[in-house]
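Results of the structural survey
Below, each chain spelled out in residue letters.
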Amino acid sequence: SYSFCTLLEWLPNTPQKMEGGGTSKQLLEKRLKERQQFTSCSIGTSMARGKTIQEKKSVKVPFRDPATDPINTPLYHFQVQEVFEHDIPNMTAPSVATTAKTPISDVPMARRVRSIQKDGYSGIPTTMTYTDPDEVLMNSIQFAASRRPKSESQIVVAPDDVQEIMQLKTAEDVIAFFSKAGNSSTVKFVYLNRAQQGLLFRPYDLEVVMRGKQEPEHFCISASGCVHIKPDHPSEVVSLAEWMRECTLFNVLTRIHFFKNYLVGKSFTQWRRNVRFRLYCQTRRRLCKNFFLSKQTFASTLSELHKCSYELSTIPLVYYPEIKETYTHDKFKEEQATLCRTPAELEFRSSMDKMEHKLLKLCENVTQRANVPDLTTQESLEQYLLANATASGKEKGKGGKRMKSMVDAQAEQQERMRMLKRAMVEHSMLDSFIRLADYIAAENLFKNALCCFHKFHQVLSLPEAEKIIMFQITITFQGEEDLVFVPSEKEILDTYAAVMDEIIHLVGQVTRLIYIRDVKIHFASPPKTFSVGSAIRHDFRYNLLKKRTCQLITTDFAAAFEQAKLYESYRKWFIFVDVEWKEVEARWEAEPDELTPEEFERYIHDPKQSSAKDHKEPTQTNKPMGKVKQALGDLDALFNRPQGILLVNSNKLRTTLQEKLDDIMGKVRKKLLEVARKRTTELVADIQNKMRQLLARPTTLQAFAAFVQSLNEIREESQTVMARCDDIQRLYEIADINGIKPTLDEQGRKDLLIGGPNSQVHTTPLRDQFVEYIQQAGDFKINNLKVMSANLENYIDIANEELLATMAILDHGDYVSSHAESRDVLAQLAGVDDTIKTIEQKVKMYTDYQRLFDTTPSEWTNLAAIKETYQKRFDLWSTYDKFMEQRHVWESEEIKDVDDQQLKERIEDFFRKAHKLHKDVGDEVSDLLLESVTEERKNLPVMIDLCNKDMQFEHWEEIFKGMGKAYGPEKDHFTLSSLRTYKVFEHRDLVAEVSGKAKGQAGVKKVIQQLKEVWDTTEFVTKLHRDSKDVFILGDLTEVLERLEEHQLTIQTQQASRYASGEDVSAKNIRKLVDEWDHNLSTVSDVLDEWVQLQKSWMYLEFIFSSDDIKKQLHEESKLFAQVDRDYKELMNKCRTRRNVIAVCCDPGQLEVLKEDNRILDEVQKRLEDYLETKRQLFPRFYFLSNDELLEILSDVRNPHKVQPHLHKCFDNMKRIIFNNEDATEVSAMASNEGEEVKFNEIVETKGNVETWLGKIELTMKESLLMHMTMCHQGYFKWQRSEWFFQFPAQCILCIDMVMWTFETAEAITKQAEDPNSLSNYVSSYTSQIHDTVEVVKQDLDKLRRMIVNTIIVMDVHNRDMIKHLVSENVSKVTDFAWSMQLRYYWTNQNVSIWHCTAEFTYGYEYLGNQMRLVITPLTDRAFLTCTGALAMNLGAAPQGPAGTGKTESVKDLGKGLARQVVVFNCSDGINVSTMAQFFSGLAQAGAWACFDEFNRIDLEVLSVVAMQMLTITTNLSQNNDTCEFDGHRLS
């Protein structure tokens, strides 16, 4: 379809005459009407373009007006073609619909269109000629526009549109312009060129150019549409709406991934094709140069080698039987080795020999042709070739032929040179050819092995009916759980793996061509190649086949295992024969008498045989079949089962079980006869023995009692005997049922015992006779029982008379006389004891007889009485005998050998026994015993004192001296008997006193000895000092100190003891020993105290004086410390050598040396404190560091990096300083804890003392912040607020933001007089500003930027609330308190000043970094107001409140607001005056704030001094003094 764009606006406004008459506008209107009638055309064969346009079907194309239907026109729809005179010869078909046109006539205004159209009535095709109104219209426009005016009066001068065109840049601007201005603008059309886009295809990106600047291909846009002019191509016209639509769709399409990256993808594809083609060409040239098949010398040999190597791939490596065969795994391995691998090895060798022969032949030929002497010049090489040619020519020229011309000879010479060069090149390629041949052979070996594995897998995977290889497995049962295949799955897998490994080994051991001795000479170095076996093992196909084959075997085993569950019913028989029967057999052997007939029936009973014997049919009430019989019956159901490649063979299972069951059956039969025979023999003998006992007829009492007892026992056993007879009868019946025949002898004994229908013995069976004998014996017992009972009563009376006679003997004679000898009486008592025992035996026998005769037993009271009397007599006399014997031992034994505790225990034991016997017996013998023991018991305390082991010579001397007798060393050996002669027992008190003293003094000595043993083993523990290898320090002394404290208390206790305070010799000796140890322990305590103090001070100062810088600055102190250091190391070496605490500490003079060293170190520390004080006065922020931290800095002043870890204590938020170079001699910036870096306004050099350049850094920090503050204030008016946030340090941003808020709020308050809504309007604008800031937070910001924006939002929200508060308070003047109470920031005189009510502060410029600020509450505002008011009066503030309410944080946030350093100090009761004085000195000189947390914890005594210190500072501040005296120092 054609799109049409009216171009009436292009014509000049002045009417012009056309050739046909009328104006151009009228002519165009006429043509337009014709155009509306031209609604469709037919498409047919092209006449203008010949064969290039294909025949199309007739398509009806409706007319569309782009002005009314711009959306529905197709994409890239430049349908309207402008046909000018100069375009007619090059006219082409439209871009969408192809229209066949006839040749154009000479009339330029018309064109003939040939169309084939059917008649609407007859349907006959007719040929008609139409005039295309579009073409006529376009040509008319061109003709009218190109005509020159007839006279100058008709020339209309165009308005000046250059300025308006210059404002247009792109096609979008032009279309927007014409859409807005339409035809009323002076600009009627605009020229545009394509924008330069490089490789990007952007056909709709146009740029406006002035007239005359357009390129050959350009565009022209007017209010009516867009015209595309391209040389040698017909112009295309499209409406503006269509242009914008197509442009929009193009932009949408180009955002699609495919179209967006199409050009890049196409370029990459083309580049890839070019690279691949170039690589292909290079490879082709390389192949032509190095391809062996392209060379005549190698081609034939290579083909022969391929042929021979093919044989390697066809040699079978696995033997497959022609018919189906089942293998054991051993047979399979053996058959594969004998029938396959051995012949394969021979065939491999034969094929390799063929390849070797052909390869050696080629090598010989190539070597011979390339073998020339070592000719170094071209001339010598040519002479050599000419000589060879001449020699060969002579041989050939013997026929007398004409010699060749020089040209031919020269050509032949060149040919020989070329052939020689070729031969030498081919010779150089021999090593590669040999390697190729080796690879070919190896490849075929590899291929053969791989195909072999694949075929084997296929053979194993064949269906059941086609399988030719199967493996036989048998089933065995192990225990109650495991069902085991033999061979197992692992063994089959191992067999498969072994066969595969042997095949790999076979192909791997084939001799490689590259290793042949005659071939190796063609290699410059020993050739290296791959291993075929290793390559196979690492090939994924081999591993995959192996895995699949193993999976196949595993799957078949799993299926076989499932199938084998059918054999589970036989497991119980294996358990029976392997487990249960062995237990039964062992039990039968161990307990043969416990076997019953049912036990045998449980294993061999057969109901059918039993019924046949009994002539009965088997019923449910009959006993079940025996286990052995049942198992033998189940074996008939066993048969072999195939499963995949496995054949589950049950023959072995059946055979094994059959053999075991038969064996069990035989054992049961044998055991049955054995048990029956044994029991029959034993029962016959037992019954005959009992019958003999029953036949006896006794006449005496004892014999009759024995007869009655036997009769009773036989009657009790008669039921058992009958049961045994029944069991024997049942055993023989079981044997008869199961066909077990006993011997004639056994049968005779059985008939003798129980008889039977076929009995060979014609007498009454023993079983029946036994019953008759029992009845006869019972009758005899009843007839004689009365006579025998009367005889028994007579014997009992005689025994009672004997008991009474014996008791009378014990109550008279020596038994009750105190004058009798104890030994004689004890001997007589032994005879009495024998008599009593004899009577007691008779009593027991008579009592048993009474029970047998069923009479009531006698009580025998006399027997119990005589036994009690005898026992008392025996205990009395035996105790008396033992006492007399023991007393003799005590009297005769040396007193030092007598155990006093044992003595006391024995006498007390004798006394208890004597007292009890006297109470029980009460005769003169018991009186004598009690009297003797009581006498010894009275002397027991004296005896114990005398037997004291602690009694020494001086103690015995004191005793004898107290008795008034002399004592010498010759009297050292005492016994109790000898002491009795000295009448020592008469001086009880003296002995007790001296013995107690001896015992107490011994106790003191024992304590001292224990102390000595402990301290002899107490040693010092030492350890290395830091990383030193030869310097030691004391280790943990806790155990030593605890032991020392405990033992000192023990010594004090012993000193207070009365045993060490007497005037006697023993007391003085004890006192001397105790005093000696008291002195030693006191010395140890003093030495350890001094030592610990010395070590603590030495360790502290050793690190300090190890620095060369400290040594230079403290020269005298360094010498003093060196002296102490030498003493300390000598002491530690002594400690390491001797180790014992007492030995080291009690060394003479050691304590004095330690005291002197401590005094020296105290002096050194005092001087060190003075030295540090001078450093702190030069840089007051050093007061906030401990001595250790300050000394760490001063110990290495040449290393500025030492300062870095301590900067955060000297400055509020300066974590580190940034150096410009590696030597760290220049500082250019500072960094906060958050990572923010701020550049200094000038470089600070780290030269000189550290306190000096740190002071410069402090000054530079403030100057740099002032510089950045000034730049930030200036930048506020240059940058947009959202960008201004990130251009300067965060501290400056926050401060200037407050400055601007103060300024804008004050300005709004000032305008309140003129505009009452000024503050309200400012609230709205400020809230909008906060919203803009919140939008910034939503952006992708880093940590630092997000933190500064968050802080600004927190502060701005508080500021907004304050403005609302001002509005609510109706503030109209800047002097109102509601505004004065706010913390206000002002930029005056290039500096920041802060006002709070009447208090004015200068901004401190302490670097704060990028920290978060506190959320301000009304309480915080009041706290700020109080603190600033106090500061304005040079006073301090003391906020009070519960813990955790924000007191400290509020003070810190106020410090941030004023840019002051705030030092938080946690107070405790350990704070002293000097600590507070040092801290106040630092605060006063550094100008910092301090926040004392828990100030009330400081002791009252210290608080009073602290109050005076604070008063001194505040007084001088109030007086504006530059210096003051404070704690003995001048502060400035």
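You'll find the structure just up there.
Reference entry: report on the structure contained in this document. (Residues numbered from 1 in each chain as written. Predicted model: local features only at pLDDT ≥ 70, side-chain atom pairs only at ≥ 80, totals over all residues. Heavy atoms only, no water.)

1. Structural notes on the overall build of the protein chain
The line we're drawing: Strands are runs of DSSP state E lasting at least 2 residues, helices are runs of H or I lasting at least 4, and numbering of each runs from the N terminus. Relative accessible area decides the class of each residue, using a 1.4 Å probe on protein chains only: under 20% of the type maximum gives buried, over 50% gives exposed, and in between gives partly exposed. Residues count as neighbours in contact if any of their non-hydrogen atoms are within 4.5 Å of one another.
For the protein chain, the helix and strand inventory stands at 50 helices and 25 strands. Here the protein chain holds 1532 residues, and the buried ones make up 42% of them. Pairs at least 24 apart in sequence give 69% of the contacts found in the protein chain among residues at least 6 apart.

2. Digging into the sheet that holds strand β19 (residues 1384-1388)
How we decide: Two strands are counted as paired when DSSP detects at least two bridges linking them. Lines fitted to the C-alpha atoms define the axes, with helices restricted to the stretch that makes contact. Angles between their N-to-C directions range from 0 to 180 degrees.
Taking strand neighbours across the sheet as the criterion, the 3 strands line up as β19-β20-β21 in an open arrangement whose pairing is antiparallel. Only two strands of the sheet have a single neighbouring strand rather than two, namely β19 and β21 (1399-1402). Averaged over all neighbouring strand pairs, the angle between strand axes comes to 30°, with direction disregarded. Alignment of β19 against strand β20 (residues 1391-1396), held across 5 bridges, turns out to be antiparallel. Across the sheet, W1387 pairs through a bridge with V1392, a residue of β20.

3. Examining a negative patch on the surface
Spelled out, the test is: Exposure above 30% relative accessible area and the absence of a salt bridge qualify a residue for a patch, where like charges join within 9 Å and nonpolar side chains (Val, Leu, Ile, Met, Phe, Trp, Tyr) within 5 Å. The accessible surface values rely on the Shrake-Rupley method and a 1.4 Å probe; as for residues, cover is taken only from the protein chains in view. Think of a salt bridge as a Lys or Arg side-chain nitrogen and an Asp or Glu carboxyl oxygen that are within 4 Å of each other. Here the positive residues are Lys and Arg and the negative ones are Asp and Glu; neither His nor the chain ends is included. Charge placement uses NZ in Lys and CZ in Arg. For Asp and Glu, CG and CD serve respectively.
A cluster of acidic residues, E591, D593, E594 and E682, forms a negative patch at the surface. Tracing the backbone shows E594 in the loop between α17 (571-590) and α18 (597-604). Judged by its relative accessible area of 56%, E594 falls in the exposed class.

4. Some words on the sheet that holds strand β16 (residues 1216-1219)
Strand order in the open sheet formed by 3 strands is β16-β17-β18, and the pairing between neighbours is antiparallel. Here the strands that pair on one side only, and so sit at the sheet edges, are β16 and β18 (1237-1245). Strand-to-strand twist of the sheet, defined as the mean angle between neighbouring strand axes without regard to direction, takes the value 30°. Alignment of β16 against strand β17 (residues 1226-1231), held across 4 bridges, turns out to be antiparallel. Looking at β17, one finds that R1216 is bridged to A1231. Running at roughly 135° to β18, helix α41 (residues 1250-1275) makes contact with β16, β17 and β18 of the sheet.

5. Description of helix α36 (residues 1115-1138)
The criterion, for reference: In a helix, the anticipated span is given by 1.5 Å times the number of residues less one.
In this model α36 runs 35 Å from its N-terminal to its C-terminal C-alpha over 24 residues, within 8% of the 34 Å that 1.5 Å per residue would give. Buried residues belonging to α36 abut β14 (1022-1024), β15 (1032-1034), α34 (1065-1105), α35 (1108-1113), α37 (1141-1145) and α38 (1150-1178).

6. Here we look at the environment of A370
Mapped onto the elements of the fold, A370 is located in the loop between α9 (329-369) and α10 (378-396). A370 sits 55 residues away from V425 along the chain, and the two C-alpha atoms are 8.4 Å apart. Each residue touching A370, except ones within four places of it in the same chain, is listed here: A423, M424 and H427.

7. As for the pairing of β20
Linkage of β19 to β20, two consecutive antiparallel strands, is achieved through a turn of 2 residues, within which N1389 is found at a positive phi near 55°. As paired elements, β20 and β21 share 4 bridges and run antiparallel to each other. Residue I1394 lies in a different strand from β21, and its bridge partner there is F1401. Hairpin connection of β20 to β21: 2 residues between the antiparallel strands, including C1397 at a positive phi of 55°.

8. Digging into the nonpolar core
Selection rule: Grouping buried Ala, Val, Leu, Ile, Met, Phe, Trp, Tyr and Cys residues that are joined through side-chain atoms within 4.5 Å yields what is termed a nonpolar core.
By size, the foremost hydrophobic cluster in this structure holds 131 residues, and its most contacted members are F1020, W1091, I1257 and V1392. Ignoring any residue separated from it by four or fewer positions in sequence, one finds V1392 in contact with M1269, C1295, V1299, Y1385, Y1386, W1387, T1402, Y1403 and Y1405. One finds F600, A705, Y880 and V933 within the second-largest nonpolar core, a separate group that totals 78 residues.

Everything listed here is a matter of coordinates, which is why it stays silent on function.
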